[in-house]
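A closer look at the structure
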Amino acid sequence: MRAALLPLAIVMSPQVVLSALALGLPVLAPLVVADAGMAPESVGLISGCAGFGAVWMFAANGAVTPVLGPLRALMAACLLAVLGTLIVLTGWAPAIFLGAVIMGFAYGMAGPAGSQILSTHAPKNLWGTLFSIRQAGVPLGGAIAGLVGTGLAALYGWRIGFLALTVPPILCAALLVFVPVGYRSMVGSTRLRLRALFEPRLVAAPFRTLKAMPQLQSVTLASLGFAMVQGSLFAFFTTYLTDGLGIAIVLAGSLYATMQIASFAGRLSIGVLADWLGEIRPLLRALSLGGAAACILMACLDESWPEPILFAIAIVVGIASATWNGLFLAEVARLATDQDVSRATAGATFFTFVAYMVTPALFAGIVALTDYQTAFALCALAPLANVMILRAEPRGTLHHS
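Heads up: these notes are all about the structure in this document.

The rules behind these values
Residues numbered from 1 in each chain as written. Predicted model: local features only at pLDDT ≥ 70, side-chain atom pairs only at ≥ 80, totals over all residues. Heavy atoms only, no water. Salt bridge = Lys/Arg side-chain N within 4 Å of Asp/Glu carboxyl O. Helix = DSSP H or I, 4+ residues; strand = E, 2+ residues; numbered from the N terminus. Buried < 20%, exposed > 50% of the residue type's maximum accessible area, 1.4 Å probe, protein only. Lys, Arg positive; Asp, Glu negative; His and termini not counted. Polar contact = N/O pair within 3.5 Å; in protein donor to acceptor, adjacent residues only side chain to side chain. Core = buried A, V, L, I, M, F, W, Y, C linked by side-chain atoms within 4.5 Å. Contact = heavy atoms within 4.5 Å. Phe/Tyr/Trp six-rings, centres within 6.5 Å; stacked < 30°, edge-to-face > 60°.

**Regarding the pattern of salt bridges**
For the structure on display, the rule yields three salt bridges. One salt bridge in this structure joins E331 and R281, with 3.0 Å as the shortest N-O distance. Placement of the pair is E331 in helix α14 (residues 325-335) and R281 in helix α12 (residues 281-300), with a sequence separation of 50 residues. You'll find E331 and R281 in the same group, each marked buried. The salt bridge involving E331 is made with R334; its shortest N-O contact spans 2.8 Å. Pair noted here: E331 and R334 are both in helix α14, with a separation of three residues, about one helical turn.

**Some remarks on the side chain of R285**
With respect to the helices, strands and loops of the structure, R285 is situated in helix α12. Buried charge R285 goes without a salt bridge, the closest partner of opposite sign being E279 at 6.9 Å. In this structure the side chain of R285 is engaged in a polar contact, spanning 3.4 Å, whose partner is the backbone oxygen of L390.

**With respect to the nonpolar core**
Core analysis: the biggest nonpolar cluster contains 140 residues, and F162 and L241 have the highest contact counts within it. In terms of residues, this core owes the most to one element, helix α1 (residues 2-35), which gives 16 residues. With residues up to four places along the chain from it excluded, the contact list for L241 reads G246, I247, A252, L255 and L301.

**Points about the environment of G137**
Along the chain, the position of G137 falls in helix α6 (residues 127-156). Here G137 falls in the buried class, since its relative accessible area comes to 0%.

**Side note on the packing of aromatic side chains**
Counted under the stated rule, the structure contains 16 aromatic pairs. Pairing F234 with Y256 gives two aromatic rings, centres 6.3 Å apart and planes at 65 degrees, and the pair type is edge-to-face. In this pair, F234 is assigned in helix α10 (residues 217-244) and Y256 in helix α11 (residues 249-277), connecting sequence segments 22 residues apart. The buried category is assigned to F234, whose relative accessible area is 7%. On the basis of relative accessible area, Y256 is assigned to the buried category, the value being 0%. Centre to centre, the rings of Y240 and F376 are 5.1 Å apart; their planes meet at 55 degrees, and the pair counts as tilted. On the criterion of sequence distance, the pair formed by Y240 in helix α10 and F376 in helix α16 (residues 372-379) is long-range, its members being 136 residues apart.

Now the structure itself:
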């Protein structure tokens, strides 16, 4: 484990600060869209734009990570996220959507780069734990967004709350400059061409990856159901509580932070359990049922319930719906060869983020036609198919290469 601490710190630090910004957008979205004169359901479109940016960058990974090297890609992602945030801060509706896309670019750039560093520098027998710890940075960032972002927004306005979240990414990019030389070796011989990031042919790259690596297909398909649940919850949690149930933004932010902290603890625990069992797929099947249960719980929420009950539900929802990510990435890394981990992660995660991109808009449409409760109940159907999908491929162990 000692040998894994430095690579883990290198990849987890950007994960936390980028997640705080990425999740700060939906956390503060009720205030952002109100200030911009947009309907509450516009939160779904904003989240969809961020998902689109991530999807595009996953497709363009071959023109980024191999050229910059994974370490420089992480530094660039931190600075790009700050740029997207500054654009959102204008409060102009078109700029909010553009800023969300750029923030999605940053998030999509960091994922494959971090997986490449972990798979290259960390012991393979700890991948389940390490990938889960790294992904635990997502809810940790979300908790920071829920507490710091909404707390400052309640006192000084949403712009100050959001602006405060840009400081950690800037510091993180500066600190990554001092990482040991050994982590800078994976740099390509070609020069980064911005035009190459926007070539339409890049859309075909993830499909080619899954065709070349058919062993990734079932776990990638399963990730869609997981992403639909998590995407709906993360995008609409505070909006549902404030707009749908009439809960104050500060309490909604605290509940959101509680959900994220529970997810953080759950990701750590589930990663250790996976390494102890030596298998990932049985846990992913169990979490599929948990995701469905989380949606049903959300559909049953009532604003008249005591606060302790609301916080307890937030804990259960966080554990049940958002602890699968590290196991998914560890399984992808296990199925790929060492030199193809970045490519495999980008290819598989491309489809995951397609679900993140599309789901909030679909969820918003269902809410507009019916209500939040119906939307959450329908979302519960998405992960149930995973129980069979993850049986379709023979189970493998974490230590099988």
